[in-house]
Amino acid sequence: MTDSTHPSRRAVVTAFGAAAFVALPAWPATARAAQGATPAVANGPVLDTHPATEPSGTHVREVGGTAVVFQHGAVLPAFDGWRHREPTREYLSLDKRWRFRFDPADQGLAQGWQSPHHDDEEWGRIDVPAAWDLLDTPGFGSQTAPFGEGTAFEDGYAWYRTTVDIPASWRARHVRIAFLAAGYSAEVWVDGRHVGKHEGANSPFALPVTGALRAGGRRTIAVRVFRRASYTDYTAPNAQPVTDDHELPYKPVDHWPYAGLTRSAWIEAVPQVTVTKLLVSAADGRLEARAVVENHGDADFDGRLTLDPGRGSGGGPTVVAARIAARSAGVVRVTVPVPAAPRWSPASPHTLTARATLTAGRSAGHRVDTLSTRYGVRELIVADAQLRLNGEPLFLKGLNWHEETAAHGRAMTTAEYDRELGHVTAVGANFVRNCVYNRHPYVYEWADTHGVLVMDDIDTMWLNTAQEKLQTERYGLARALALTMAWNQHNQPSVILWGLQNESEIDPDGAPVYRAWLADLKAAVKSVDLTARPVTWASNTSNDPAFDLADVIGFNEYFGYFYGKDADLGPTLDAVHAKYPDKPILITENGTWAIAGTHGPDTTQGTEEWQAASFTAHWAQVSARSAFVAGFTYWVLKDYKERAGYNQSYNGISVMGLLTFAEERPKLVHDAFRAAASPRGR
């Protein structure tokens, strides 16, 4: 292995001109907080306020021939700081007990709850990360507990407060505060100064706070989190749904919208000139890397960037010039041979670690910053109606799953992820669909190391035509979620498909609104993905008029349950293939339900036998057409919580899983899936 301080003889030095960087976007020195909310109905649930466009200012700029995602006036950074520590950076974890208070009357802002001088001694306490749903809701995971009681049904605003001691050494640093998730939206204040707002319950965000978080003293951080009510009342028989055209999803959906700071948070101090993001693409014995470098200082930077492709790659460190104007962002491009790097595949999930090191000066200078990323070498293409990985056809034996446990909701521990995702491999599945939102970074790491393929999804579920038009033409939150999905998960070899939406409305007369919306989302992910992963979506029909835009045709089907007969699936697949003979087809959802322990004939709905027989019938029709059907994705790995008025007699628990919700006990369909997914089953 070549030492990183001594470049290999293959090193190539490349000088970049002015086109290789752009000025950092202007961003208000003090962001303006929303002033009050608008009642959805008189004396009823409140709706959050919205600016003209989504509040993070998410957009793409071309920098040196690379599409770079900006948010909150800075490059959207890597979020590895939740557990990985770069030696050139300093970190303060915010995973601890915070002060906490619900604000149902929306009075906190006017009363100064964001101020460092506010007395919060009488406030309650909550862990970060945690879902406030589990703060005080006994029996949350039980099928027999009463529905509609506890903090699981507290909606509107709630406030978090904590203090941190900021080292004096941070005065010369660029500082940002990062949150892996805040459900549904969050506004952040530092010492009473509003630093930004984020919308979207499951996407990470980072706010630059250098001007607000003064070094050398104790500072107060306040976060106001909002969750829209699903219904005007959770127990009244005639309660009405609460909707907001700007939010995603805009109306109640059939999975639980966990609230609060549900994933890790931290403060990160980086050098003024910093490697903010490292994009890599590895195939055909080469590693292509693009290091996005920000210069937050007042002087131009003239130095070098060294890329080490990692142990086991067969390649050595390569050096290129890095010149970034003051107050600008630039992209440094490096191509490194990796002749010995093993290919990544489900059978052999080999990963490597690349590291970018920024040094000052044209000769060997002092180290300024580092950023590492894990990657895998693989080739993924669509050809002849098949998905092919490293030249071999893929057949996806898949499961949908929701990210939650009865004990912690969406604020899962790593031990819970290991147990939950262990069920995936235990039944022989090689594919998961992240229905219908981005997951914790640990999930993608787990999939990389366990060889499980991933279809990533965003929160664009059940939109109607009005929301599609609003998102495309004005508000842009759907586009922002698509961009950040592709940007954040870019380097993960396990991620093979970008999912654009789930069961949204299709307008008539050629679907111009629907098609424009999907084209916008597709263009977003394609703009930032150097690996050109295929796009798909979970359509509510096999006759989707926009399937020509998809790289892989995906649709949800419930033959024999909601409509038709089980045997209708095969002819439907044949018809879709006849219309789109060059495109692979993926069943993105199919399933039925069974109450655990209920047994009887396999023709009786609700029995474990019926659920298992239905799965087997659908699997057989898909696997018999593997020449053009890329796979089957069962709905769903585990029973899950619902809040939108579903299954209230079971405490809002859907019973469509292979496993029960709290106990994770297998049903008969669990064994049927394992038998079908075994090498002898296909």
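Data block above holds the structure.
Quick caveat: nothing in here was measured; it's all calculated off a predicted structure. (Residues numbered from 1 in each chain as written. Predicted model: local features only at pLDDT ≥ 70, side-chain atom pairs only at ≥ 80, totals over all residues. Heavy atoms only, no water.)

Concerning helix 2 (residues 441-450)
Formally: The buried label applies to any residue whose accessible area, calculated with a 1.4 Å probe on protein chains only, is under 20% of its type's maximum; exposed applies above 50%, and partly exposed to all values in between. Numbering of helices and strands runs from the N terminus, with a helix taken as a DSSP run of H or I at least four residues long and a strand as a DSSP run of E at least two residues long. Residue contacts are defined here by distance: any two heavy atoms, one from each residue, within 4.5 Å place the two residues in contact.
For helix 2, the tally of buried residues reaches seven of 10 residues, placing the bulk of the element in the interior. Regarding helix 2, the residues found buried are Tyr 442, Val 443, Tyr 444, Glu 445, Trp 446, Ala 447 and Asp 448. Buried residues in helix 2 make contact with strand 23 (367-375), helix 1 (414-426), strand 29 (453-456) and strand 30 (495-502).

A word on the pairing of strand 32 (residues 553-556)
Our working definition: Pairing between strands requires that DSSP locate at least two bridges from one strand to the other. A crossover counts as right-handed when, viewed with the strands pointing away from the observer, the path leading from the first strand over the helix to the second turns clockwise.
Every second residue of strand 32 is oriented toward a common face, with Ile 553 and Phe 555 on one face and Gly 554 and Asn 556 on the other, all of them buried. Direction of pairing for strand 32 relative to strand 33 (residues 585-590): parallel, over a ladder of four bridges. Bridging across to strand 33, Phe 555 finds its partner in Ile 587. A crossover links strand 32 with its parallel partner strand 33, the connecting element being helix 6 (residues 569-579), and its sense is right-handed.

Side note on the packing of helix 7 (residues 608-623) against helix 8 (residues 668-677)
Between two packed helices, the angle of one axis relative to the other and the distance separating the axes together describe the packing. Short version of the rule: Here the axes come from fitting lines to C-alpha atoms, over the contacting stretch only for helices, and the angles between their N-to-C directions go from 0 to 180 degrees. Angle categories are assigned with fixed cut-offs, so that under 35 degrees is roughly parallel, over 145 is roughly antiparallel, 65 to 115 is roughly perpendicular, and the rest are oblique. Crossings are assigned a handedness: left-handed for a near helix turned anticlockwise from the far helix by less than a right angle, right-handed for a clockwise turn.
One way to put it is that helix 7 packs onto helix 8 with a least axis distance of 8 Å and a crossing angle of 25 degrees. Of the possible angle classes, the one that applies to helix 7 and helix 8 is roughly parallel. With respect to the hand of their crossing, helix 7 and helix 8 are arranged in right-handed fashion. Contacts between helix 7 and helix 8 involve Glu 608, Glu 609, Gln 611, Ala 612, Phe 615, Thr 616 and Trp 619 on the former and, on the latter, Leu 668, Val 669, Ala 672, Phe 673, Ala 676 and Ala 677.

Thoughts on the nonpolar core
Definition in use: In this description, a nonpolar core means a group of buried Ala, Val, Leu, Ile, Met, Phe, Trp, Tyr and Cys residues linked to one another through side-chain atoms lying within 4.5 Å.
Ranked by size, the top nonpolar core spans 95 residues in total, and within it Leu 399, Trp 487, Trp 537, Leu 573, Phe 615 and Phe 673 carry the most contacts. At eight residues, helix 4 (residues 477-488) tops the list of elements feeding residues into this core. Excluding anything up to four places from it in sequence, Leu 573 contacts Phe 555, Ile 585, Ile 587, Gln 621, Val 622, Arg 625, Phe 628 and Val 629. Formed by 35 residues, the second largest nonpolar core is a distinct cluster that contains Trp 132, Leu 207, Ala 215 and Ala 259.

Some points on the sheet that holds strand 18 (residues 286-295)
Across the sheet, four strands lie side by side as 1-21-18-17; this open sheet has antiparallel pairing. Looking at strand neighbours, the two that pair on one side only are strand 1 (21-23) and strand 17 (273-283), the edges of this open sheet. Taken pair by pair, the neighbouring strands of this sheet meet at an average axis angle of 20 degrees, ignoring direction. Alignment of strand 18 against strand 21 (residues 328-337), held across 10 bridges, turns out to be antiparallel. Looking across to strand 21, one finds that Ala 291 is bridged to Val 332.

Describing the packing of aromatic side chains
Put simply, the rule reads: Only centres within 6.5 Å qualify two rings of Phe, Tyr or Trp (six-membered ring in Trp) as a pair; their planes then separate them into stacked at under 30 degrees, edge-to-face at over 60, and tilted for everything else. By definition here, charges over rings are those cases where NZ of Lys or CZ of Arg is within 6 Å of the ring centre and within 35 degrees of the ring normal.
Evaluated as defined, the whole model comprises 35 aromatic pairs. Relative to Tyr 160, the ring of Phe 100 lies with its centre 5.0 Å away and its plane at 70 degrees, an arrangement referred to as edge-to-face. Taken together, the residues span a long stretch of sequence, with Phe 100 in strand 8 (residues 97-103) and Tyr 160 in strand 10 (residues 156-166) at a distance of 60 residues. Per residue, the accessibility class of Phe 100 equals that of Tyr 160, and both read buried. Here the aromatic rings of Trp 619 and Phe 632 are separated by 5.9 Å at their centres, their planes lie at 70 degrees, and the arrangement is edge-to-face. You can see Trp 619 sitting in helix 7 and its partner Phe 632 sitting in strand 34 (residues 629-634), a full 13 residues away along the chain. On the basis of relative accessible area, Phe 632 is assigned to the buried category, the value being 0%. Ring pairing ties together the aromatic residues Phe 140, Phe 147, Phe 153, Tyr 234, Trp 256 and Tyr 258, which thus form one cluster. Stacked on the ring of Tyr 91, the Lys or Arg Arg 85 has its end atom at 4.5 Å from the ring centre. The ring of Tyr 157 carries Arg 224 above its face, with NZ or CZ at 4.0 Å from the centroid.

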